[in-house]
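Structural description and commentary
Take a look at the letters that make up each chain.
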Amino acid sequence: MIDDFISDKKAELILDGKSYILPIIEGTEGEKAIDIRSLRAKTGYVTIDSGYMNTGSCASTITFLDGEQSILNYRGYDIAELAENCSFVEVAYLLVHGSLPTQAQLSEFSRLLGGFALIHEDMIHFFDHFPPYAPPMSILSSMVNSLCNFYPEMNDNPGENIDMMAARLISKIRTIAAFSYKKSMGQPLVYPRHDYSYCANFLNMMFHSPVKPYMVSDAVVAALNKLLILHADHEQNCSTSTVRLVGSARVNLYASISAGINALWGPLHGGANQAVIEMLEEIFESGGDYMKYIERAKDPKDSFRLVGFGHRVYKSHDPRSRIIKNACDQVLASLGITSDPLLDIAREIEEVVLKDDYFVSRNLYPNVDFYSGIIYRAIGIPSNMFTVMFALGRLPGWIAHWKEMWDDPNWRIGRPRQIYTGPKRRPFVPISERKEFAV
Ligand code: CMC
């Protein structure tokens, strides 16, 4: 596939006095790359790019992101239009299948999601054996990994079974997430219902109780749909690259997604949404002096970072954060919450930061995680479940990337090179003659 995008342009590399001509790849939105696939074979050199800031690991048809222009499109559709007009299930279908579903396709996909919503009863015992303080992300990744034992048919022919596997995973992850919450609360499990939409079903499994029935609100369902859509894909981020890398060894979808969940858990990645709300709570509880935190974030001697700001790719506004900020007001109003002190602090921090030279000169804008926690909190999701919510949203993107990688005729196992900087070869020392290193 990538070879179809080789342009007429060429790059010239002069190395040790010799000239090498390298092809240029040009994507459909004008992104350009120097094709170094034959570099080592021809020159003996590799490239070094810590954090992969300049490395394209693949060609992809799924998501286009322009961090300078604040553009984010899934399969060619603007994220703002999708968030405004679609349900999460429609967007999941779009990402996995490549086009928006017709009504008949959507009904069939929803039917599959409804049909796969239960998890095997034997899996439910697993929840009993995690300690009560187990982080929900650890439970989620363990449970998703174990799905391949209960549904092994995909191991035989993943290419053919991918549609079924995608629906099964998108449906079951929601049940696993809600069950892990119920177990952590010591409450009876609430089983999925076939007559509820995807988001309504999740909310009901989370919050219904035999003594207090949960009233599903249209506004809360709409907010959840929006948040999940905005998290559904973000091209080659850390967790998606993990899913692709693990999957490149031809490991099954469930194990690959489980690895992605673990990558997402990190506080610099999906874990930031929980960290933001904890930071805002800390500021509020310590008297509201947010300037102290902003100053700490600017101090080069302090490792503290203002969570919810900055992004590897966006050097302008994160388009998702604007939509979420607007959605915050709507959700709080619909829930009758007239003021939220954490939202007030968040707004004040944003206002200061957007004018502060430290942040402006480094292109640090609010990211997707800055306001999302305020909505999750308002709809009753506890902060230790925020990153699980991110995982629920990101799942269709991970599946789409795994599928694209699996079907790619140029697929190779992911195996970067390195530059070795350790000791040169030295003689072996028997244990009786070894001396302790002075540190
Ligand atoms: N607060 C204060 N300073 C910051 C921040 C921040 N949130 N983010 C970056 N910087 C500074 C950093 O200290 C460095 O300064 P200097 O040039 O003086 O050394 C400069 O900005 C560049 O930072 P970097 O770490 O080289 O940038 P990166 O692209 O490697 O990291 C990031 C991106 C998202 C990890 C980082 O901005 C960060 O740690 N943000 C806070 C955590 C966060 O909100 N993460 C969620 C990201 S969005 C959701 C997702 O992708 O999962």
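About the criteria used
- Residues numbered from 1 in each chain as written.
- Predicted model: local features only at pLDDT ≥ 70, side-chain atom pairs only at ≥ 80, totals over all residues.
- Heavy atoms only, no water.
- Core = buried A, V, L, I, M, F, W, Y, C linked by side-chain atoms within 4.5 Å.
- Buried < 20%, exposed > 50% of the residue type's maximum accessible area, 1.4 Å probe, protein only.
- Helix = DSSP H or I, 4+ residues; strand = E, 2+ residues; numbered from the N terminus.
- Near = heavy atom within 4 Å.
- Polar contact = N/O pair within 3.5 Å; in protein donor to acceptor, adjacent residues only side chain to side chain.
- Areas by Shrake-Rupley, 256 points an atom, 1.4 Å probe, with all protein chains shown as cover.
- Nonpolar A, V, L, I, M, F, W, Y, C, P; charged D, E, K, R; others polar.
- Expected span 1.5 Å × (residues − 1).
- Phe/Tyr/Trp six-rings, centres within 6.5 Å; stacked < 30°, edge-to-face > 60°.
- Lys NZ or Arg CZ within 6 Å of the ring centre and 35° of its normal.
- Contact = heavy atoms within 4.5 Å.
- Axes fitted to C-alpha atoms, helices over the stretch in contact; angles between N-to-C directions.
- Parallel < 35°, antiparallel > 145°, perpendicular 65-115°, else oblique.
- Salt bridge = Lys/Arg side-chain N within 4 Å of Asp/Glu carboxyl O.
- Pairing = 2+ DSSP bridges.

Further remarks concern the nonpolar core. Judged by nonpolar contacts, the single largest core of 119 residues is most densely connected at Tyr 74, Leu 140, Ile 257, Leu 306, Ile 349, Ile 381 and Ile 399. The greatest single-element share of this core, amounting to 13 residues, is contributed by helix 19 (residues 386–407).

A word on the site of the ligand. Near the ligand, the surroundings consist of 20 residues, among which His 269, Arg 305, Leu 306, Gly 308 and Arg 312 are the closest. Gly 308 is positioned such that a nitrogen or oxygen atom in its backbone is 2.9 Å from an oxygen atom of the ligand. Within the backbone of Phe 309, a nitrogen or oxygen atom sits 2.9 Å from a nitrogen atom of the ligand. Expressed as a share of its isolated accessible area of 930 Å², the protein-covered part of the ligand is 73%. Partitioned by chemical class, the residues of the shell around the ligand number 10 nonpolar, six polar and four charged.

Let's shift gears to unusual backbone geometry. Its identity is not glycine, yet Ser 70 carries a phi of approximately 55 degrees, on the positive side. Here Ser 70 shows up in the loop between strand 4 (63–66) and strand 5 (71–74). A positive phi angle, close to 65 degrees, is found at Arg 250, a residue other than glycine. Looking at where Arg 250 falls in the secondary structure, it is placed in the loop between helix 11 (238–248) and helix 12 (253–264).

Okay, helix 15 (residues 319–334) next. Between its first and last C-alpha atoms helix 15 spans 23 Å; for 16 residues at 1.5 Å apiece the expected length is 22 Å, and the two agree. For helix 15, the full list of buried residues reads Pro 319, Arg 320, Ser 321, Ile 323, Ile 324, Ala 327, Cys 328, Val 331 and Leu 332. Note on helix 15: the residue one or two positions beyond its end, Gly 336, has a positive phi of about 75 degrees.

Turning to the packing of aromatic side chains, a few remarks are in order. Taken as a whole, this structure holds 14 aromatic pairs when the rule is applied. Arranged with centres 4.5 Å apart and planes meeting at 25 degrees, the rings of Trp 402 and Trp 406 form a pair that is stacked. A residue pair is termed a helical-turn pair when its members lie 3 or 4 positions apart in one helix, as Trp 402 and Trp 406 do in helix 19 at four residues. The burial state of Trp 402 is the same as that of Trp 406; both residues are buried. For Arg 193, the ring lying beneath its charged end belongs to Tyr 196, and the centroid distance is 4.2 Å.

Along an α-helix, residues three or four apart share an orientation, since each turn contains 3.6 residues. Taken together, the buried positions of helix 11 are Ser 239, Thr 240, Val 243, Arg 244, Gly 247 and Ser 248. Buried residues in helix 11 make contact with helix 12 and helix 19. Arg 250 occupies a position one or two residues after helix 11 and carries a positive phi of about 65 degrees.

Right, let's talk about the packing of helix 6 (residues 136–150) against helix 19 for a bit. Between helix 6 and helix 19, the least distance of the axes is 8 Å, while the angle of their chain directions is 35 degrees. For the pair helix 6 and helix 19, contact is made by Pro 136, Met 137 and Leu 140 and by Thr 387, Val 388 and Ala 391, respectively.

Attention now moves to the packing of helix 3 (residues 88–97) against helix 4 (residues 103–115). A pair of packed helices can be characterised by two numbers: the angle between their axes and the separation between those axes. The interhelical angle for the contact between helix 3 and helix 4, taken along N-to-C directions, is 100 degrees, at an axis separation of 10 Å. As judged from the angle between their axes, helix 3 and helix 4 are roughly perpendicular. Residues Val 89, Glu 90, Ala 92 and Tyr 93 of helix 3 lie in contact with helix 4, whose contacting residues are Gln 105, Leu 106, Phe 109, Ser 110 and Leu 113.

Under the defined criterion, the tally for this structure stands at 18 salt bridges. Among the salt bridges present, the one from Arg 37 reaches Asp 3, with a minimum N-O distance of 2.8 Å. Of this pair, Arg 37 sits in the loop between strand 3 (32–34) and helix 1 (39–43) while Asp 3 sits in the segment before strand 1 (6–15); the two residues are 34 residues apart in sequence, bridging distant segments of the chain. Put simply, Arg 377 and Glu 281 hold a salt bridge, and the shortest N to O gap is 3.9 Å. Note that Arg 377 is positioned in helix 18 (residues 368–378) and Glu 281 in helix 13 (residues 272–285), a separation of 96 residues in sequence. Look at the salt bridges and you will find they share partners, linking Asp 3, Asp 35 and Arg 37 into a network.

As a further point, take the sheet that holds strand 5. Read from one edge of the open sheet, three strands run 4-5-6, paired in antiparallel fashion. Looking at the sheet topology across the chains shown, the edges are occupied by strand 4 and strand 6 (77–78). Pairing of strand 4 with strand 5, which is carried by four bridges, proceeds in the antiparallel orientation. Paired with Leu 65 across the two strands is Leu 72, which belongs to strand 5.

Time to look at the pairing of strand 5. Between the end of strand 4 and the start of strand 5, which pair antiparallel, lie four residues, with Ser 70 showing a positive phi angle near 55 degrees. Note that strand 5 and strand 6 share two bridges and pair antiparallel. Its bridge partner lying in strand 6, Asn 73 is registered against Asp 78. Taking the residues between adjacent antiparallel strands as the criterion, strand 5 and strand 6 are bridged by two residues, where Arg 75 takes a positive phi near 50 degrees.

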